[in-house]
Amino acid sequence: MELTDLERDFLRKLLGESWVSPPTFDHEIVARLVELGLVETEPLPSGDIEYRITGAGRAAATA
(Lines give C-alpha, C1' and ligand atoms only; values in the text may rest on other atoms or scores of the structure.)
Protein backbone atom coordinates (compact mmCIF):
# COMPACT_ATOMS: atom_id res chain seq x y z
CA MET A 1 0.00 0.00 0.00
CA GLU A 2 1.32 3.39 -0.98
CA LEU A 3 0.81 6.17 1.57
CA THR A 4 1.02 9.87 0.85
CA ASP A 5 3.61 11.96 2.70
CA LEU A 6 0.82 13.51 4.77
CA GLU A 7 -0.56 10.10 5.75
CA ARG A 8 2.89 8.77 6.66
CA ASP A 9 3.64 11.91 8.73
CA PHE A 10 0.33 11.53 10.57
CA LEU A 11 1.09 7.89 11.39
CA ARG A 12 4.55 8.80 12.66
CA LYS A 13 3.02 11.48 14.89
CA LEU A 14 0.75 8.82 16.38
CA LEU A 15 3.66 6.49 17.15
CA GLY A 16 4.40 8.48 20.32
CA GLU A 17 0.86 9.02 21.61
CA SER A 18 -2.74 9.35 20.59
CA TRP A 19 -3.92 12.68 19.20
CA VAL A 20 -7.14 14.60 19.84
CA SER A 21 -8.39 16.68 16.95
CA PRO A 22 -9.14 20.36 17.34
CA PRO A 23 -12.68 21.43 16.40
CA THR A 24 -11.55 22.73 13.00
CA PHE A 25 -9.66 19.59 11.88
CA ASP A 26 -10.71 18.20 8.47
CA HIS A 27 -11.20 14.50 9.27
CA GLU A 28 -11.39 13.61 5.58
CA ILE A 29 -7.62 14.20 5.39
CA VAL A 30 -6.96 10.96 7.29
CA ALA A 31 -10.19 9.05 6.56
CA ARG A 32 -8.33 6.58 4.32
CA LEU A 33 -6.03 5.63 7.21
CA VAL A 34 -9.09 4.76 9.28
CA GLU A 35 -10.65 2.81 6.39
CA LEU A 36 -7.41 0.85 5.93
CA GLY A 37 -7.35 -0.04 9.65
CA LEU A 38 -4.12 1.86 10.30
CA VAL A 39 -5.76 4.31 12.69
CA GLU A 40 -8.74 3.96 14.99
CA THR A 41 -10.92 6.77 16.26
CA GLU A 42 -12.95 7.39 19.37
CA PRO A 43 -15.48 10.21 19.69
CA LEU A 44 -15.02 12.14 22.92
CA PRO A 45 -17.78 13.74 25.03
CA SER A 46 -16.39 17.15 24.04
CA GLY A 47 -17.20 16.43 20.37
CA ASP A 48 -13.53 16.04 19.47
CA ILE A 49 -12.15 12.81 17.99
CA GLU A 50 -9.23 10.88 19.45
CA TYR A 51 -6.97 9.14 16.92
CA ARG A 52 -4.87 6.11 17.90
CA ILE A 53 -2.50 4.09 15.74
CA THR A 54 -3.12 0.35 15.34
CA GLY A 55 -0.55 -2.43 15.05
CA ALA A 56 -0.94 -2.33 11.27
CA GLY A 57 -0.44 1.43 11.38
CA ARG A 58 2.79 1.01 13.38
CA ALA A 59 4.09 -1.40 10.76
CA ALA A 60 3.18 0.98 7.92
CA ALA A 61 4.76 3.97 9.69
CA THR A 62 8.08 2.22 10.13
CA ALA A 63 8.20 0.50 6.72
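Look up a bit, the structure's there.
On a predicted model such as this, the values are computed, not experimentally measured, just so you know. (Residues numbered from 1 in each chain as written. Predicted model: local features only at pLDDT ≥ 70, side-chain atom pairs only at ≥ 80, totals over all residues. Heavy atoms only, no water.)

## Brief notes about helix α3 (residues 55–62)
Alright, step 1. If you check which residues of α3 are buried, you get Gly57, Ala60 and Ala61. One side of α3 holds all its buried residues, which, seen down the axis, span an arc of 100 degrees. Away from its buried face, by an angle of more than 90 degrees, α3 presents the exposed residues Gly55 and Thr62.
Alright, step 2. Packed against the buried residues of α3 are α1 (5–16) and β3 (49–53). (Buried < 20%, exposed > 50% of the residue type's maximum accessible area, 1.4 Å probe, protein only. Helix = DSSP H or I, 4+ residues; strand = E, 2+ residues; numbered from the N terminus. Arc of directions from axis to C-beta. Contact = heavy atoms within 4.5 Å.)

## Digging into the packing of aromatic side chains
Alright, step 1. According to the stated counting rule, one finds six aromatic pairs in the structure shown.
Alright, step 2. Look at phenylalanine 10 and tyrosine 51: their rings are 5.5 Å apart centre to centre, the planes differ by 85 degrees, and that puts the pair in the edge-to-face class. Placement of phenylalanine 10 in helix α1 and of tyrosine 51 in strand β3 is noted, with a sequence separation of 41 residues between them. Here phenylalanine 10 and tyrosine 51 have matching classes, each one buried.
Alright, step 3. Here tryptophan 19 and tyrosine 51 contribute two aromatic rings whose centre-to-centre distance is 5.8 Å and whose plane-to-plane angle is 35 degrees, an arrangement assigned as tilted. Of this pair, tryptophan 19 sits in strand β1 (residues 19–20) while tyrosine 51 sits in strand β3, placing them 32 residues apart in sequence.
Alright, step 4. Cluster of aromatic residues (ring-pair linked, three or more members): Phe10, Trp19, Phe25 and Tyr51. (Phe/Tyr/Trp six-rings, centres within 6.5 Å; stacked < 30°, edge-to-face > 60°.)

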